[in-house]
Amino acid sequence: MDRTAFASQAGARSWVIPFLLLLMVPASPDSYAKDTPKIENIIDEPAGNRGGIELGIKEYEETAKKRPVDKSVTKLGEKEEDKSTTDHSKLEELKGPFSSGPEVTKACLKCHNKAGHQFIKNKHWTWKYHNPKTGQDLGKSVLVNNFCTNAAGNEGMCGQCHAGFGLKDSRTYDFSNEENIDCLVCHDSTGTYYKLPPTRGNKACAVLFEGKPAIDWVKVAQSVKLPGRNNCGACHFYGGGGDNVKHGDLSSALFKPTRDIDVHMAEDGENFSCIICHVGEGHQWSGSRYAPIAKDTTKGKPGLPRQTATCESCHGQQPHPTTLMGIKLNDHTDRVACETCHIPEFAKGGVATKVHWDWRTMGRLKNGEGFREEGYIQGNGEPRHTYKSIKGSFKYAEHVKPIYRWFNGTEIYTTVHDKFDPSKPVEINHLEGGPNDPDSRIWPFKKMVTIQPYDKGNNTLVYMHLWGDDKDALWGNYKFDRAIAHGMKDFNLPYSGEYGFVETWSYWPIVHMVAPKKDALACQECHAREGRLKALSGFYMPGRDHNEWVDRLGILIVLATLLGVLGHGFLRIILSASRRKS
Amino acid sequence: MSLYKVKVFSRFERFWHWTQALLIITLLFSGFAIHGFYHPMSFEKLVWIHIIAALSLITLWIFAIFWHLTTGNWRHYLPTTKGLWKVARYYAWGIFRGEEHPYKKRFWHKHNPLQALSYLGLKMGLFPVLWITGLAYLSYGFWSQGPLTASSLQWVAVIHTLFAFFMAAFIIIHVYLLTTGHSFKEHVMPMITGYDEVDLTDAERSYLEQDEPGRIIE
C-alpha cells in the first residue's frame, strides 16, 4: 500500500468513529442540564482531522518526566537568601553510595528521626481520611471518583503518586515501614527525580517505561529542600490521568505562572510555593478537600501561625479597604467565599480541563490494539486526547466559568457501598449547605460530568480492575464485565454480574488561579437578573431578585397617577376652552 | 385682611427643598436601576450613587428637623379639617368650572389644608419608611448574622421598593399641581425667590413692617 492510500484510509476510519460516538451520547434531560457548566471551545470536528493517532498506554507520563525546577518562595521572608541551617550536600550521611530509594530514606531518617513517625500518619501515605462530621471513611484508598474511578485494586498503577516506594497492593502493603517513605518525591530540587508505576501492567503499557534515565540517588539526596511547585505539581497537577484533568485550577500552567494566571504563584509576583498557603508542621498540611473550611471565622493576630490554607488566614475577615465600597464588599465575606469573586474562571494559562467523560465508548481497537485520538488543541498549542481505547471519550474546556453552590464544608460521598437511584445523576460528592445555614457560603466549583459503569443489580458504583498483567485488567483486555467482577471480588464486594452506565457528577472546589484584583468579578456579574448566581434560590439578592407583585402594583400606582393627572389636566383645558367660547 | 408679597420661604427652606428634590430624583433613578429596570451604568457605581445620595438626604434632614423645631415652622404642617373639604371639592369640581382657589395663604398657614396633610404624610410616613428600610438594607451586614438573612432582607427590599413607587407617584402629583393656578411660573417662583402672596392680618402686617421690613413688599 502506498503512503497516500494509507493516509486516506486512516483518515476515513478516524472520521467514522467519533461520529458513531456522537450518536451514542444521549441528550441530557432538561431538569439537570441547566446548571451543567457551559462547555467552551469544545471541538466537534472529527478527531482525525486534527491530531494524530497513537498506540499503546502512556498514562501519567508527566509524573515520570524530568521537569524544570522552579525557584519558588518556600518560606515567607526568604525571597533573597536561603536561611536554612544545614547544607545537605555537605553531610557525610548523604555521600552514598545509594542504589535505591529506601536506602536514601534510611539515611534521611537517621537525622530526621521523628519525620518517619509523622509522615506515616499523613494522607499522602495512608490515602485514608475519616470524616468525623459525617462518619464516612474516605480517601484515595477507598473512594470511587468519576475519572479513572478507583485506585483501590489498581495501586500497581496509581501507586506512582503514592509518597512511598512499592505500593503494589494496599491490602498487603506494610504501612508501618517508614523506610518505604519516599522523601525525594517531595524534597528533590534537581528536577531529575521521577516515579514510575510500581508494577508494569499489561504489555500495551510498556511504552511508559521505555527510555528512562537512571536516577542519580546521591545527587538527588544531596539536593533536598523544602518542596517547590515542581514537587507538588508532579502529582497534583496531573490528577485524573493528565494535565489539569481533575481539578481545573491545578495545572502545569502553575509551574511557572504569570500574574494573570495566579497572583500568588506568579513568578513575576509573589512566586509562592504551595506550602506557603498549605502550611504544615510535622508533616501534616492544611487544606483538606475532604473537609474544607468553608467559612474561616478564626480571628488571627499578626504573626500568629495559622494551620489553615484559607484566604482569611492571611487576608483576614475584612480584606477590603475601609472605603464606602470596601465596607460594602466586606459585608459579603460572611456569605460569599473570597474565591467566588476572585476566581472568575479556571483552566487558564493554555491548559484545558476535562469536563465530560463517557466510559461507554471504551474498548474500540485498531488492528486489535488500543489507540488514542488527539481531537482538541488547547490554548498552549498542545493536543489533548478526545478518545482513548482504555477510557472512552472526553470533552475539554478552557477559561471555564465555575458553577456556584452554597457550601458549609460538609460533603457526603457516594462510596462503593452506597445505593442510589440510577435514573437520576449520582452525586459523587454531595455538597451540604444552604442560604439559611449560617455556616454556609457561596463557593465556586468545577462540575465534572461522567457516564461510568455501575452495578445494575445492586445500584452501586463499582471498582474496576484497570491495571495488571492478567486477562481481567481493563487496560489491555478492554472488557468491562471481567474488570468489574475482578475489581469487586478483590475487596469482597457484592457484584450482581450485570453492569450498566450511570451519569455521575462530582464537584471540585475552585480555590487556585486567583486573578489579579482588576479581574475580580464586577458586582453585576451576580447582581443581575441573568447573573452567575441565577441558579441559587432561597434568598433575596438585590439586582437579581424582585417581587413580581410589588413591581406590578408599583408600576400600576405610578401609571394610574400619571393617567389621573393627565386626565385632570385634559379636562381642565377642554372645559376652560369651552368656557371661553361661551 | 389683605394680600401682600411676603417672604414665606427662607433661604434654608429653599435650599432644603431643591437639594431634597435633586437627591430624591437621583435616588429614584439609581434605585430603580439597582432594582434591574434599566442598566445605565455598572451596579457598583449605581450602589455608590444611591448610598451617597441617601446619606446626604438623611444629613440634610437632620438639619431640616432642627430647623423645623427651632424656628417653629413645624406649625405649617399641623393637620386641620377646617377648609379641607372646600379644597378637595375645588380640585375635584371647582377647578373645572374656573372657580378661584378657596384658600388664601396665611402667614402661619402657608399651605392649604390638603397640602399640609399631604406634606405631613410625606414627612411622617413615606420618608421615614424609606429611610428605615434603606438603612436596614444598607446595614444588612450588621444584623444579618444567622439564619434570618435569607427571608428578612426580602421584606426590607419589598417595602423599600413599594414606597419608592409611592415616592415617584408623589412627585408626579406634586409637579402637576404646579400647573393648576394662574401659571406654572407663579407656583415655582416662590420656591426660588422666597416671596409669595399672603393674606395678612393687620397685626401681622404691622409686625412685619416694624420688625422684619425685608420680608414684606407692597
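Residues numbered from 1 in each chain as written. Chains lettered and ligands numbered in written order. Predicted model: local features only at pLDDT ≥ 70, side-chain atom pairs only at ≥ 80, totals over all residues.

1. Points about the overall build of chain B
Part 1 of the argument: For chain B, the count of helices and strands is eight helices and three strands.
Part 2 of the argument: The helix and strand sequence of chain B, counted from the amino end, reads β-α-α-α-α-α-α-α-β-α-β.
Part 3 of the argument: With respect to the principal axes defined by its C-alpha atoms, chain B has extents near 65 × 40 × 30 Å.
Part 4 of the argument: Considering chain B as a whole, with its 218 residues, one finds that 18% of them fall into the buried category. (Helix = DSSP H or I, 4+ residues; strand = E, 2+ residues; numbered from the N terminus. Buried ≥ 20, exposed ≤ 12 C-beta atoms within 10 Å, placed from the backbone.)

2. Details of the overall build of chain A
Part 1 of the argument: On a plain count of helices and strands, chain A comes out with 16 helices and 16 strands.
Part 2 of the argument: When burial is assessed residue by residue, chain A has 41% of its 582 residues classed as buried.
Part 3 of the argument: A separation of at least 24 residues holds for 73% of the contacts in chain A among residues at least 6 apart in sequence. (Contact = placed C-beta atoms within 7 Å.)

3. Some points on the nonpolar core
Residue and element names in this part refer to chain A.
Part 1 of the argument: Counting 79 residues, the largest nonpolar core has Trp-443, Val-462, Tyr-463, Met-464, Leu-466, Leu-474 and Trp-475 as the members making the most contacts within it.
Part 2 of the argument: Secondary structure elements with two or more residues in this core: helix H6 (155-158), strand E6 (353-358), strand E9 (392-397), strand E10 (403-407), strand E14 (441-455), helix H14 (474-477), helix H15 (480-490) and strand E16 (499-509).
Part 3 of the argument: Discounting residues that sit within four places of it in the chain, Leu-466 has contacts with Cys-148, Asn-154, Met-157, Ala-473, Leu-474, Trp-475 and Ala-483.
Part 4 of the argument: Judged by nonpolar contacts, the second largest core, of 19 residues, contains Val-104, Phe-119, Trp-125 and Trp-217. (Core = buried A, V, L, I, M, F, W, Y, C linked by C-beta atoms within 7 Å.)

4. Section: helix H16 (residues 548-581) of chain A
Each α-helix turn comprises 3.6 residues. Residues three or four places apart therefore point the same way.
Part 1 of the argument: Between the first and last C-alpha of H16(A) there are 49 Å, a value that for 34 residues agrees with the 50 Å anticipated at 1.5 Å per step.
Part 2 of the argument: The buried fraction of H16(A) is low, at one of 34 residues. (Expected span 1.5 Å × (residues − 1).)

5. Looking at the environment of A:Lys106
All names here are of chain A.
Part 1 of the argument: Within the fold, Lys-106 resides in helix H3 (residues 101-111).
Part 2 of the argument: What makes Lys-106 partly exposed here is the crowd of 15 C-beta atoms within 10 Å.
Part 3 of the argument: Distance from Lys-106 to Asn-459, taken between C-alpha atoms, is 47 Å for residues 353 residues apart in sequence.

6. Observations concerning the domain arrangement of chain A
Part 1 of the argument: Here chain A is described as being made up of domain 1 (296-333) and domain 2 (548-582).
Part 2 of the argument: A straight line from the C-alpha centre of domain 1 of chain A to that of domain 2 of chain A covers 55 Å. (Domains from an automatic or database assignment.)

7. A few points about unusual backbone geometry
Residues and elements named next belong to chain A.
Part 1 of the argument: Put simply, Gly-96 and Pro-97 share a cis peptide bond, and its omega is -5°.
Part 2 of the argument: The phi dihedral of Asn-459 falls on the positive side, at around 50°, and the residue is not glycine.
Part 3 of the argument: Tracing the backbone through its elements, the reader meets Asn-459 in the loop between E14 and strand E15 (460-461).
Part 4 of the argument: The partly exposed category is assigned to Asn-459, around which 16 C-beta atoms lie within 10 Å.

8. Here we look at the sheet that holds strand E3 (residues 216-217) of chain B
All names here are of chain B.
Part 1 of the argument: Here we have three strands laid out as an open sheet, ordered E2-E1-E3, and antiparallel in their pairing. The strands lining the two open edges of the sheet, one partner per strand, are strand E2 (195-200) and E3.
Part 2 of the argument: Bridging between strand E1 (residues 2-7) and E3 involves two bridges; their strand directions are antiparallel. Looking at the pairing, Lys-5 lines up with Ile-217 of E3. (Pairing = 2+ DSSP bridges.)

9. Observations concerning the pairing of E1(B)
Part 1 of the argument: When E1(B) meets E2(B), the two strands line up antiparallel, connected through six bridges. Looking across to E2(B), one finds that B:Leu3 is bridged to B:Asp199.

10. A few points about the interface of chain B and chain A
Part 1 of the argument: Contact with chain B, which involves 33 residues of that partner, is made by 33 residues of chain A.
Part 2 of the argument: Ranked by residue count, the leading element in the side of chain B that touches chain A is helix H6 (residues 149-177) of chain B, at 15 residues.
Part 3 of the argument: Tallied by class, residues from the side of chain B that touches chain A come to 21 nonpolar, 11 polar and one charged. (Nonpolar A, V, L, I, M, F, W, Y, C, P; charged D, E, K, R; others polar.)

11. So, the packing of helix H1 (residues 11-34) of chain B against helix H2 (residues 43-71) of chain B
Packed helix pairs are characterised by how far apart their axes lie and by the angle those axes make with each other.
All names here are of chain B.
Part 1 of the argument: Contact pair H1 / H2: the axes reach a minimum separation of 9 Å and the direction vectors enclose 150°. Of the possible angle classes, the one that applies to H1 and H2 is roughly antiparallel. By crossing handedness, the relation of H1 to H2 is classed as left-handed. Here Phe-12, Trp-16, Thr-19, Gln-20, Leu-23, Thr-26, Leu-27, Ser-30, Gly-31, Ala-33 and Ile-34 of H1 come into contact with H2, specifically with Phe-43, Leu-46, Val-47, Ile-49, His-50, Ala-53, Ala-54, Ser-56, Leu-57, Leu-60, Ala-64 and Trp-67.
Part 2 of the argument: A breakdown of the residues in the contact of H1 with H2 according to their chemical character gives 16 nonpolar, seven polar and no charged. (Axes fitted to C-alpha atoms, helices over the stretch in contact; angles between N-to-C directions. Parallel < 35°, antiparallel > 145°, perpendicular 65-115°, else oblique. Left-handed = near helix turned anticlockwise from the far one by under 90°.)

12. Considerations on the confidence of the model for chain B
Residues and elements named next belong to chain B.
Part 1 of the argument: Across chain B, pLDDT averages 89, with 96% of residues at or above 70.
Part 2 of the argument: Across chain B, the secondary-structure element scoring lowest on mean pLDDT is helix H5 (residues 140-143), at 80, and the one scoring highest is H1, at 96.
Part 3 of the argument: For this predicted complex, the interface score ipTM comes out at 0.90, alongside a pTM of 0.87. (pLDDT = per-residue confidence, 0-100.)

13. Structural notes on the environment of A:Asp545
Part 1 of the argument: Looking at the secondary structure, you find A:Asp545 in the loop between E16 and H16.
Part 2 of the argument: Between the C-alpha atom of A:Asp545 and that of A:Gln317, which follows or precedes it by 228 residues, the distance is 27 Å.

14. With respect to the environment of A:Gly159
All names here are of chain A.
Part 1 of the argument: On the secondary structure map, Gly-159 appears in the loop between H6 and helix H7 (184-187).
Part 2 of the argument: According to the C-beta neighbour criterion, Gly-159 is buried, with 25 such atoms within 10 Å.
Part 3 of the argument: Discounting residues that sit within four places of it in the chain, Gly-159 has contacts with Leu-167, Lys-168, Pro-197 and Pro-198.

15. Section: the confidence of the model for chain A
Part 1 of the argument: With 88% of its residues at a pLDDT of 70 or more, chain A has an overall mean of 87.
Part 2 of the argument: This stretch, residues 1-51 of chain A, has a pLDDT under 50; its non-local contacts, to residues over four places away or in other chains, come to 64 contacts.

16. Some remarks on the pairing of strand E8 (residues 383-388) of chain A
Residue and element names in this part refer to chain A.
Part 1 of the argument: Burial analysis of E8 places five of its six residues in the buried class, which makes it a mostly covered element.
Part 2 of the argument: The pairing of strand E7 (residues 371-377) with E8 spans five bridges and is antiparallel. Residue pairing in the sheet places Glu-374 in a bridge with His-385 of E8.
Part 3 of the argument: Two successive antiparallel strands, E7 and E8, enclose a turn made up of five residues, where Gly-381 displays a positive phi of approximately 90°.
Part 4 of the argument: Sheet analysis places E8 next to E9, joined by two bridges and oriented antiparallel.

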